[in-house]
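What follows is the residue order along each chain.
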Amino acid sequence: MGEENKVILHGMWASPFSKRVELALKLKGIPFEYVEEDLKNKSAEILHYNPVHKKIPVLVHNGKPIAESLVILEYIDETWKNNPRFLPQDPYKRARVRFWTSFVQQHLFETMFTVVKTDGEAQEKAVKELLEKLQVLEEGIKEFFPDGNICIDSNNVGLLDLVLLSVFGPYNVQEEVLGIKIIDMEKTPLVYSWLRAINQLPLVKESIPPHDKLAAVLKFMRENALKSSSA
Amino acid sequence: MAEVKLLATWPSPFYYRVVWALKSKGIAYEFIEEDLANKSPLLLQYNPVHKKIPVLIHGGKPICESMIILEYIEEIWPKNSLLPNDPYEKAVARFWIKFADDKSPEIWRVFRSVGEEQEKAAKDSLEMLKTIEEHALGEKKFFGGDKIGMVGIAFGQLAQWLQVIEDVTGVKLLEASEFPRLQRWINNFKQVPVINENLPDYDQMFAFFKGRRQMLLASK
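Nothing here was measured: the structure is a model prediction, and the numbers come from that model. (Residues numbered from 1 in each chain as written. Chains lettered and ligands numbered in written order. Predicted model: local features only at pLDDT ≥ 70, side-chain atom pairs only at ≥ 80, totals over all residues. Heavy atoms only, no water.)

### Section: the overall build of chain A
Our working rule: Every helix listed is a DSSP run of H or I at least four residues long, and every strand listed is a run of E at least two residues long, numbered separately from the N terminus. Radius of gyration means the value over C-alpha atoms here, while the globule rule gives 2.2 Å times the residue count to the 0.38 power. For this analysis, residues touch if any pair of their heavy atoms sits within 4.5 Å. With residues, only the protein chains shown are counted as cover, and all accessible areas are computed by Shrake-Rupley using a 1.4 Å probe. In this tally, Lys and Arg are treated as positive and Asp and Glu as negative; His is ignored, and so are the chain termini. A single reference atom marks each charge: NZ on Lys, CZ on Arg, CG on Asp, CD on Glu.
The helix and strand tally for chain A stands at 10 helices and four strands. Start at the N end of chain A and walk to the C end: the helices and strands fall as β-α-β-α-β-β-α-α-α-α-α-α-α-α. Expected size for 231 residues packed as a compact globule is a radius of gyration near 17 Å; at 18 Å, chain A falls within 12% of this value. If one aligns the C-alpha atoms of chain A with their principal axes, the spans along those axes are about 55 × 50 × 30 Å. Counting only contacts in chain A whose residues sit at least 6 apart along the sequence, the fraction spanning at least 24 positions is 71%. Total accessible area on chain A stands at roughly 11,200 Å², and carbon and sulfur atoms take up 53% of it. Taken as two groups, the 29 positive and 32 negative side-chain charges of chain A have centres that lie 2 Å from each other.

If you want it as structure tokens, here you go:
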């Protein structure tokens, strides 16, 4: 085999973008080398492989680098066609998955970010927006679970599952650090059940960092953001 | 063949992305003009989440978000392909498509603002142009090759809307001497028949956006 299929993932343990790629590789059973990057002291490799953004994750496949987690996930799915397939075959269904993935990534994630980095009135506004958007997601995903049955196993995990997991998988940590209820079993029962189902997958359970480590990172991020915004 | 309809507004650059993709593949479609100040039941039905255009309606099924529409068009009508076949080259193309989507709004911030805010937006816009000049455009005629593709279409706003923004605001961003590759790409892009024949009239665009900017600033 040798150099034929050398895969290296440059990532960071606490990054949701990095985590989704790591999981994708593990789910497909693709052997890879993982390189933990220090984002405060970026390596020559990251600057070389991603000169535009200088960010992780970067996937290097046989020496060729790919950046942007969603681009990487589609690349993985097209290159390793074994199960789980991250996108459906039907073009219309693919468009729907991409649409909701974009919604989770661009709207939910961004709003969540604001909730983490603000307090007072600004945070209240962001929380309200976040909960409204979660309701939109609750309605929207009914098209994926028409009979309300959520059946996710390591053979059918998809792009949307991976992205939702990376944003809200650790919702327990987020709720604890922020003191806010985010994923409410009563208000968003489908989203709640969906997250539970994904979080139960063995590969996910063993890949998610420990609660305390994630809580420490989130607290640190929040404190830093609040400090610099009031400075 | 199932009917293709395109719900959009003139002169949205996102609308034109879809037009260029459809026309380059010879796909017939019906254009339905949307009034964004008075959103139609059709729009609310087909894009309830964002209530935005463009929306492609194929055989009665809606597809939203311009670049998602383009990927759909490419998959349904693979003739005159807009994406490379090779998965790696495709990934590189998608990287730049995402960059275009994420960063192009900067030029619209220049359009919508004044003073310090506009200065910052201009600075960010120049950063974006610089990145495209240095990293995205090699010596090839178009992004990644010798014919137009999804990346070029994604950056299409820079080919005409950018100039309108510059002329309406008086803020010059793209100096040909500083961005020779970009300028060359713009010239080449606008000469491609499917683009050339499907660009909004410059004077009409100028008048439209001049009016919009006046309204925006008056309301501040």
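### Here we look at the sheet that holds strand E2 (residues 30–33) of chain B
Adjacent strands of a sheet pair through backbone hydrogen bonds, lying either parallel or antiparallel. Residue and element names in this part refer to chain B. Note the threshold: Following DSSP output, two strands are said to pair if at least two bridges run between them. Between the N-to-C directions of two axes lies an angle of 0 to 180 degrees, each axis being a line fitted to C-alpha atoms and, for a helix, fitted only over the stretch in contact.
Taking strand neighbours across the sheet as the criterion, the four strands line up as E2-E1-E3-E4 in an open arrangement whose pairing is mixed. Among the strands making up the open sheet, the edge pair consists of E2 and strand E4 (61–64). Sheet twist, expressed as the mean angle between neighbouring strand axes with direction ignored, is 25°. Bridge count for strand E1 (residues 4–8) against E2 is four bridges, and the pairing is parallel.

### A look at unusual backbone geometry
This is how the line gets drawn: Per-residue accessibility, obtained with a 1.4 Å probe over protein chains only, is compared with the maximum for each type, and a residue is labelled buried under 20%, exposed over 50%, and partly exposed between these values.
Here the amide bond leading from asparagine 83 of chain A into proline 84 of chain A is cis, since omega sits at -5°, within 30 degrees of zero. Positioned with a positive phi, lysine 54 of chain A is a non-glycine residue whose angle comes to about 55°. If you trace the backbone, lysine 54 of chain A turns up in the loop between helix H2 (44–49) and strand E3 (58–61). Look at lysine 51 of chain B: it is not a glycine, yet its phi comes out positive at around 55°. A relative accessible area of 34% places lysine 51 of chain B in the partly exposed class.

### Quick word on the pairing of strand E2 (residues 33–36) of chain A
Residue and element names in this part refer to chain A. Which entries qualify depends on this criterion: Crossovers are described as right-handed under a simple rule: with the strands pointing away from the observer, the path leading from the first strand over the helix to the second runs clockwise.
Sheet topology places strand E1 (residues 7–11) next to E2; four bridges connect them, and they run parallel. Among the inter-strand pairings, histidine 10 is bridged to a residue of E2, identified as valine 35. For the crossover that starts at E1, traverses helix H1 (residues 16–27) and ends in the parallel E2, the hand is right-handed.

### Focus: the pairing of strand E4 (residues 64–67) of chain A
Both E3 of chain A and E4 of chain A contribute to a ladder of four bridges, which runs antiparallel. Note that in E4 of chain A the partner of valine 58 of chain A across the bridge is alanine 67 of chain A.

### Brief notes about the packing of aromatic side chains
The test is simple: Side-chain rings of Phe, Tyr and Trp, where Trp is taken by its six-membered ring, are said to pair if the distance between their centres is within 6.5 Å; with planes under 30 degrees apart they count as stacked, over 60 as edge-to-face, and otherwise as tilted. Only when the NZ of Lys or the CZ of Arg is both within 6 Å of the ring centre and within 35 degrees of the ring normal is a charge said to sit over the ring.
Applying the stated criterion across every chain yields a total of 23 aromatic pairs over all chains. A network of ring pairs unites the aromatic residues Tyr15, Tyr16, Trp20, Phe31, Phe95, Trp96, Phe99, Phe143, Phe155, Trp161, Trp185 and Phe189 of chain B as a single cluster. Here the basic side chain of lysine 28 of chain A rests over the ring of phenylalanine 86 of chain A, its NZ or CZ set 4.8 Å away from the ring centre. Directly above the ring of tryptophan 13 of chain A sits lysine 213 of chain A, whose terminal nitrogen or CZ lies 4.4 Å from the centroid.

### Considerations on the nonpolar core
Threshold: Only buried Ala, Val, Leu, Ile, Met, Phe, Trp, Tyr and Cys residues count toward a nonpolar core, and they belong to the same one when joined by side-chain atoms within 4.5 Å.
Counting 149 residues, the largest nonpolar core has Ile76 and Phe168 of chain A together with Leu56, Ile132, Phe155, Leu158 and Trp185 of chain B as its most contacted members. With 12 residues, helix H4 (residues 91–117) of chain A is the largest single contributor of residues to this core. With near-sequence residues (within four places) excluded, tryptophan 185 of chain B lies in contact with Leu137, Lys141, Phe142, Phe143, Gly152, Phe155, Gly156 and Leu158 of chain B.

### A word on the interface of chain A and chain B
Basically, it comes down to this: The buried area of a pairing is the accessible area, by a 1.4 Å probe, that goes missing from both parts when the two are put together, added over both. For this analysis, a salt bridge means a side-chain nitrogen from Lys or Arg found within 4 Å of a carboxyl oxygen belonging to Asp or Glu. Here a polar contact is taken to be a pair of N or O atoms separated by no more than 3.5 Å, where protein atoms must pair a possible hydrogen donor with a possible acceptor and residues adjacent in sequence count only if both atoms sit in side chains.
Each partner contributes to the interface: chain A provides 27 residues, whereas chain B provides 26 residues. Together, the buried faces of chain A and chain B total about 2,300 Å²; carbon and sulfur atoms form 70% of this surface. When the buried surface of chain A facing chain B is broken down by residue, Val52, Tyr92 and Phe99 of chain A rank first, second and third, together holding 26% of it. At the junction of chain A and chain B, the tally comes to six salt bridges. Between arginine 98 of chain A and glutamate 75 of chain B there is a salt bridge; the shortest N-O distance is 3.1 Å. Where chain A touches chain B, the interface holds seven residue pairs in polar contact (both at pLDDT 80 or more).

### Some words on the pattern of salt bridges
All names here are of chain B. Taken as a whole and judged by the stated rule, the model has 28 salt bridges over all chains. Measuring nitrogen to oxygen at the nearest pair gives 2.8 Å for the salt bridge that ties glutamate 71 to arginine 94. Remark: arginine 94 occurs in helix H4 (residues 87–103) and glutamate 71 occurs in helix H3 (residues 66–76); sequence separation between them is 23 residues. Residue arginine 94 is classed as buried on the basis of its relative accessible area, which comes to 8%. With a shortest N-O distance of 3.6 Å, lysine 172 and glutamate 166 are connected by a salt bridge. For lysine 172, a relative accessible area of 49% corresponds to the partly exposed category.

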